[in-house]
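Each chain is listed here by its residues.
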Amino acid sequence: MITQLTKTFQSYFATTPLVAFAPGRINLIGEHTDYQEGFVFPAAVAQGIWVGIQKNGLTVCRLYSMDFAQEFSFELDYISPKNGHWATYVMGMCALMKQSGYEVQGFDMVIGGTIPVGSGLSSSAALSVAIGTAISGLFDFQIPKKNIVLYAQKSEHLYAGVKCGIMDPYASAFGAEGKALLLDCRTNTHQEISVHLGDYSLMLVNTKVKHTLADTAYNKRREACEESVRILQSEFPHIKTLRDLSITDLEKVEMLLPEALFPKAKHIITECARVHEAAAALQAGDLESFGKLLNITHQSLSQDFEVSCAELDFLADKAQALDFVLGARMMGGGFGGCTLNLVKTSELEAFQAALKSPYEQAFQKTPEFILVEIGEGARVL
Ligand code: ADP
Ligand code: MG
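Residues numbered from 1 in each chain as written. Chains lettered and ligands numbered in written order. Predicted model: local features only at pLDDT ≥ 70, side-chain atom pairs only at ≥ 80, totals over all residues.

A.B. asks: When you look at the overall build of the chain in this model, what are you seeing that I'm missing?
C.D. replies: The helix and strand inventory of the chain stands at 11 helices and 13 strands. On C-alpha atoms alone, the chain measures out to a radius of gyration of 21 Å, which is about the 21 Å that the 2.2 N^0.38 rule sets for 381 residues. Projected onto its principal axes, the C-alpha coordinates of the chain cover approximately 65 × 50 × 40 Å. Among the 381 residues that make up the chain, the fraction classed as buried is 47%. (Helix = DSSP H or I, 4+ residues; strand = E, 2+ residues; numbered from the N terminus. Rg over C-alpha atoms; globule rule 2.2 N^0.38 Å. Buried ≥ 20, exposed ≤ 12 C-beta atoms within 10 Å, placed from the backbone.)

As structure tokens, this is what we get:
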């Protein structure tokens, strides 16, 4: 990728670029917990975005996307990010860096990547973090990683119109080889946990669907959690979010909450506990327990939190029934996207064979299989 990117850069701009990389991410466990300031457990993957960059002495930034085979340019003094265009992510990061006082000057940039868009690996966060890392490196701004993460999140909120949490850019920036990040979404700090998968591999299966229900359901779930907190504060005055409750509080929580709200609160409370259990299981090299937690999370997301869909349930059920799969669950916000599967490495082909045609027959769509390895976070190469 570096060679290809450098070659493309030289043919477009006749200079040699500095190259930065930022990876996509998976989330091992901890779904919908971020907006209740809970815990998530992401890891960077080997797939990512590479950005070549060089100063051009102008006030204009000239961009080329290898994957879209498109050029784009903009004036640094008149940045107007437009929604839906890949260059939005470049303009968004520039705008936010400039607002923070960094004197970004004209540059040329080539972007190339290996993350399938919209597959659940968060290509947009990787892109933003790669851009931030490249610009910081080129102008020697030495922007702390955490600030690049915050710019990336803010850029998605303001310019891409996606109200995402901090997990995606955080994992892309702070990922480490063979490590998952036990991330506390209240303090925005993390603990690295070593992941040794032994004879097993992580494989994503992309349903290739994104049901339109996703956005409204996401907002509704957020509101349901906030409503539960308001009700529960009468008996638990110390709580700020559901993250402040534990499994031992569940009985009391059930008595206090209306029937419609309890399962949602239960998911958040038990999911935060599962994140810690999963981290402990991985630290102890106990893959079986880790796998079981993945299965329970799927059930919780599907039945209690109600953010799954027929396609995700189908893939998770089929995978869980295979004796060479230790765990399978939907990953991400829900209503489409991927499942995450812990599969015996020697059986990866059998795994694909077991899922592909049944899924095609049931949904008239071909699922996409993506093997992931836990890799290093963003850096200048
Ligand atoms: P994801 O779930 O993968 O983050 P998004 O819809 O949030 O999906 O972001 C995808 C967008 O990010 C693409 O439409 C494009 O604008 C940008 N993007 C992702 N990968 C690349 C790439 N390799 N080159 C240029 N832009 C990219
Ligand atoms: Mg995205």
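A.B. asks: Please clarify how the domain arrangement of the chain should be interpreted in this entry.
C.D. replies: One frequently used descriptor of interface size is the decrease in accessible area upon assembly of the parts. You can read the domains of the chain as domain 1 (2–194) and domain 2 (200–371). Distance between the C-alpha centres of domain 1 and domain 2: 27 Å. Counting residues per element, the ones that place at least two in the side of domain 1 that touches domain 2 are strand E1 (18–27), strand E2 (39–40) and strand E8 (189–194). Of the residues belonging to the side of domain 1 that touches domain 2, the class tally is 10 nonpolar, nine polar and three charged. (Domains from an automatic or database assignment. Nonpolar A, V, L, I, M, F, W, Y, C, P; charged D, E, K, R; others polar.)

A.B. asks: I tried to follow the nonpolar core on my own but got confused; where do I start?
C.D. replies: Most often, soluble globular proteins keep nonpolar side chains buried together rather than apart. Counting residues in each nonpolar core, the largest one holds 108 residues, and the members touching the most others are Phe-41, Ala-43, Val-51, Val-90, Ala-130 and Ala-278. The residue makeup of this core includes at least three contributed by each of domain 1 (2–194) and domain 2 (200–371). (Core = buried A, V, L, I, M, F, W, Y, C linked by C-beta atoms within 7 Å.)

A.B. asks: Looking at this model, I keep getting lost on the sheet that holds strand E4 (residues 60–65). Mind explaining?
C.D. replies: Strand order across the open sheet formed by six strands is E5-E4-E6-E3-E1-E13, with mixed pairing between neighbours. Of all strands in the sheet, those bounded by a partner on one side alone are strand E5 (70–75) and strand E13 (379–380). As judged from the two bridges shared by E1 and E13, these two strands associate in the antiparallel manner. Looking at the pairing, Phe-21 lines up with Arg-379 of E13. In the packing of helix H1 (residues 2–13) onto the sheet, contacts are made with E1, strand E3 (42–55), E4 and strand E6 (107–113), and the angle to E6 comes to roughly 145°. Strand contacts of helix H2 (residues 87–99): E4, E5 and E6, with the helix running at about 145° to E4, the strand carrying the most contacts. (Pairing = 2+ DSSP bridges. Contact = placed C-beta atoms within 7 Å. Axes fitted to C-alpha atoms, helices over the stretch in contact; angles between N-to-C directions.)

A.B. asks: Just to check I follow, could you spell out the UniProt feature "domain: GHMP kinase N-terminal" (unreviewed entry) in the chain for this structure?
C.D. replies: Mapped onto the present numbering, the UniProt feature "domain: GHMP kinase N-terminal" (unreviewed entry) falls on residues 89–175. Annotation note: span residues 89–175, helix share 59%, strand share 8%, distance between end C-alpha atoms 21 Å. (UniProt positions renumbered as here; feature names shortened; annotations may be inferred.)

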